[in-house]
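# Descriptive structure summary
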Amino acid sequence: QVQLVESGGGLVQPGGSLRLSCAASGNIYSVNDMAWYRQAPGKQRLLVADISRGGSTNYAESVKGRFTISRDNAKNTVHLQMNTLKPEDTAVYYCNADISYINSDQMHTMNIWGQGTLVTVSS
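For clarity, every value in this text was computed on a predicted model and none was experimentally measured. (Residues numbered from 1 in each chain as written. Predicted model: local features only at pLDDT ≥ 70, side-chain atom pairs only at ≥ 80, totals over all residues. Heavy atoms only, no water.)

## Structural notes on the state of the cysteines
So the rule is basically this: Note that a disulfide, as used here, is simply two cysteine sulfur atoms within 2.5 Å. In this text, helices come from DSSP runs of H or I with a minimum length of four residues, and strands from runs of E with a minimum of two, each type numbered from the N-terminal end. To sort residues, take the accessible area from a 1.4 Å probe on protein chains only and compare it with the maximum for the residue type: under 20% means buried, over 50% means exposed, and anything in between is partly exposed.
Scanning all chains against the criterion turns up one disulfide. A sulfur-sulfur separation of 2.2 Å characterises the disulfide bridge that pairs Cys22 with Cys95. Judged by the torsion about the S-S bond (-85 degrees), the Cys22/Cys95 disulfide is left-handed. Remark: Cys95 occurs in strand β9 (residues 91-103) and Cys22 occurs in strand β3 (residues 18-25); sequence separation between them is 73 residues. Under the relative-accessibility criterion, Cys95 is labelled buried at 0%.

## Thoughts on the layout of surface pockets
Defined as follows: Both cavities and pockets are sets of points on a 1 Å grid over the protein atoms alone; in a cavity a 1.4 Å probe fits but cannot get out, in a pocket the set is open with protein on both sides within 12 Å along at least five of seven lines, and lining residues sit with an atom within 4 Å of a point. Grid points are joined across faces, edges and corners, and a volume is the space filled by probe spheres set on the points. Each residue receives one of three labels: charged for Asp, Glu, Lys and Arg, nonpolar for Ala, Val, Leu, Ile, Met, Phe, Trp, Tyr, Cys and Pro, and polar for the others, Gly being one of them.
Reported here for the largest pocket is a volume of approximately 190 Å³. If you trace the largest pocket, you find 16 residues lining it, with Arg38, Ala40, Gln44, Leu46 and Glu88 closest to the centre. With three residues, strand β5 (residues 46-51) is the largest single contributor of residues to the lining of the largest pocket. For the lining of the largest pocket, the residue count by class is eight nonpolar, four polar and four charged.

## A word on the environment of Asp98
How we decide: Here a residue-residue contact requires only that any non-hydrogen atoms of the pair lie within 4.5 Å. Contacts described as polar in this section are N or O atom pairs within 3.5 Å, which, within protein, must combine one atom able to donate a hydrogen with one able to accept it, while residues neighboring in sequence count only if both atoms come from side chains.
With respect to the helices and strands, Asp98 occurs in strand β9. Remark: the alpha-carbon pair of Asp98 and Ser25, spanning 73 residues in sequence, is separated by 13 Å. With near-sequence residues (within four places) excluded, Asp98 lies in contact with Ser30, Val31, Asn32, Asp33, Met110 and Asn111. Within the structure, the side chain of Asp98 is placed 2.8 Å from the side chain of Asn111, a separation counted as a polar contact.

## Topic: a nonpolar patch on the surface
For clarity, the cut-off: Patch building starts from residues that exceed 30% relative accessible area and form no salt bridge, then joins like charges within 9 Å and nonpolar side chains (Val, Leu, Ile, Met, Phe, Trp, Tyr) within 5 Å. Here the Shrake-Rupley method, with its probe set to 1.4 Å, supplies the accessible areas, and only the displayed protein chains count as covering residues. A pair is scored as a salt bridge if a Lys or Arg side-chain nitrogen falls within 4 Å of a carboxyl oxygen belonging to Asp or Glu.
Taken together, the side chains of Tyr29, Ile102 and Met107 define a hydrophobic patch exposed on the protein surface, amounting to about 320 Å² of accessible area. Secondary-structure assignment places Met107 in strand β10 (residues 106-113). We classify Met107 as partly exposed; its relative accessible area is 44%.

## So, the packing of aromatic side chains
Keep this limit in mind: Pairing of aromatic rings covers Phe, Tyr and the six-membered ring of Trp, with a centre-to-centre limit of 6.5 Å; geometry is then stacked below 30 degrees between planes, edge-to-face above 60, and tilted otherwise. Here, over-ring charges are defined by two tests on the NZ atom of lysine or the CZ atom of arginine: distance to the ring centre within 6 Å, and angle to the ring normal within 35 degrees.
On inspection of all chains with the given rule, the structure shows two aromatic pairs. Between Tyr94 and Trp113 the ring centres are 6.4 Å apart and the planes differ by 85 degrees, which places this aromatic pair in the edge-to-face class. Of this pair, Tyr94 sits in strand β9 while Trp113 sits in strand β10, and the two are 19 residues apart along the sequence. Here Tyr94 falls in the buried class, since its relative accessible area comes to 14%. Taken together, the aromatic side chains of Tyr37, Tyr94 and Trp113 make up a single cluster linked through ring pairs. One cation-aromatic arrangement involves Arg45 over Tyr94; the distance from NZ or CZ to the ring centre is 3.6 Å. We note Arg45 situated over the ring of Trp113; from NZ or CZ to the ring centre the distance is 4.7 Å.

## Overview of the side chain of Thr77
Mapped onto the elements of the fold, Thr77 is located in strand β8 (residues 77-82). Given the relative accessible area of 12%, Thr77 is considered buried. The residues touching Thr77, leaving out its near neighbours within four places in the chain, are Cys22, Ala23, Met34, Ser70, Arg71 and Asp72.

Structure follows, in structure tokens:
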């Protein structure tokens, strides 16, 4: 089955940087839109950034100029480069993707989530 596996979270000081990675694996025809969400304790899960297969991007206002989302279509991966991190960036970060697959000669799509990776920004 198709799954997303995330990596790169950890503890960093304010002003530091982290690079998150997410790889899709399984019986995949194509990986379409991909995105990063985050959820702080007691808060709603919110969109951080998304990227289309063609490379068009969108960012939450709170991360513009600091975060960069990118993807490698050949490797079915998406990355989130996070610079100038702030304590308010502390959250569990989740990868999300729209996946197309073929079953019995029919195309299907599904939206899947990664397991989440914890980013803690603290001195």
